[in-house]
Amino acid sequence: QVQLVESGGGLVQRGGSLRLSCAASGVIFSINAMAWYRQAPGKQRELVADITTIGYTNYADSVKGRFTISRDNAKNTAYLQMNDLKPEDTAVYYCSTGWGKYWGQGTQVTVSS
């Protein structure tokens, strides 16, 4: 039974920081790539960042230089460090693994001006 549980979202002011966590269970974490997506109100879901099994990372242009994806295989947890947050970052953030096969429930991030 694969479960992905996101946490760490909340309300922050423009320029603030948050760190999202995604705790995984029921999966061999170390051999699965991980990804963070987000979906803003009225918008389609978009890929924010992903990290491969050997640590290569990829970011959407809109978050490069501000967000960092990482993973701790010993803790079966993926992270998304978000710095210099902007109102346009407001969305529900989801983690995913298995190339889109499994999804968490999402965590809300709201950035005020």
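Relevant structure appears above.
First things first, this report covers the structure right here in the doc. Computed from a predicted model, the values in this text were never measured in an experiment.

Considering the pairing of strand β3 (residues 18–25)
On a regular strand, each side chain points to the face opposite its neighbour's, so the side chains alternate between the two faces of the sheet.
Step number 1: Judged from the five bridges that link them, strand β1 (residues 3–7) and β3 form a sheet pairing that is antiparallel. The residue of β3 that forms the bridge with L4 is A24.
Step number 2: Note: β3 against strand β8 (residues 77–82), six bridges, orientation antiparallel. In the sheet register, A23 faces β8, and the bridge partner there is T77.

So, the sheet that holds β3
Picture the strands of a sheet paired through backbone hydrogen bonds; they go either parallel or antiparallel.
Step number 1: Strand order in the open sheet formed by four strands is β1-β3-β8-β7, with antiparallel pairing between adjacent strands. Of all strands in the sheet, those bounded by a partner on one side alone are β1 and β7 (67–72). Taking each pair of neighbouring strands and ignoring which way they run, the sheet shows an average axis angle of 15 degrees.
Step number 2: Bridge analysis of β7 against β8 gives six bridges, and the strand direction is antiparallel. From the neighbouring strand, S70 faces β8, where its bridge partner is Y79.

Structural notes on the nonpolar core
Step number 1: W36, V48, F67, L80, M82 and Y93 are the most contacted members of the largest nonpolar core, which totals 27 residues.
Step number 2: Here the element with the most residues in this core is β3; it accounts for four residues.

Remarks on the pattern of salt bridges
Step number 1: Evaluation of the coordinates by the stated rule reveals four salt bridges.
Step number 2: The residue R38 makes a salt bridge to E46 at a minimum N-O spacing of 2.7 Å.
Step number 3: The shortest N-O distance in the salt bridge between R38 and D89 comes to 3.0 Å. Of this pair, R38 sits in strand β4 (residues 34–39) while D89 sits in the loop between β8 and β9 (91–97); the two residues are 51 residues apart in sequence, bridging distant segments of the chain. Comparing R38 with D89 shows no difference in burial state: the two are buried.
Step number 4: Among the ionic contacts, a cluster of salt bridges with common partners joins R38, E46, R66 and D89.

Cut-offs applied
Residues numbered from 1 in each chain as written. Predicted model: local features only at pLDDT ≥ 70, side-chain atom pairs only at ≥ 80, totals over all residues. Heavy atoms only, no water. Pairing = 2+ DSSP bridges. Helix = DSSP H or I, 4+ residues; strand = E, 2+ residues; numbered from the N terminus. Axes fitted to C-alpha atoms, helices over the stretch in contact; angles between N-to-C directions. Core = buried A, V, L, I, M, F, W, Y, C linked by side-chain atoms within 4.5 Å. Buried < 20%, exposed > 50% of the residue type's maximum accessible area, 1.4 Å probe, protein only. Salt bridge = Lys/Arg side-chain N within 4 Å of Asp/Glu carboxyl O.

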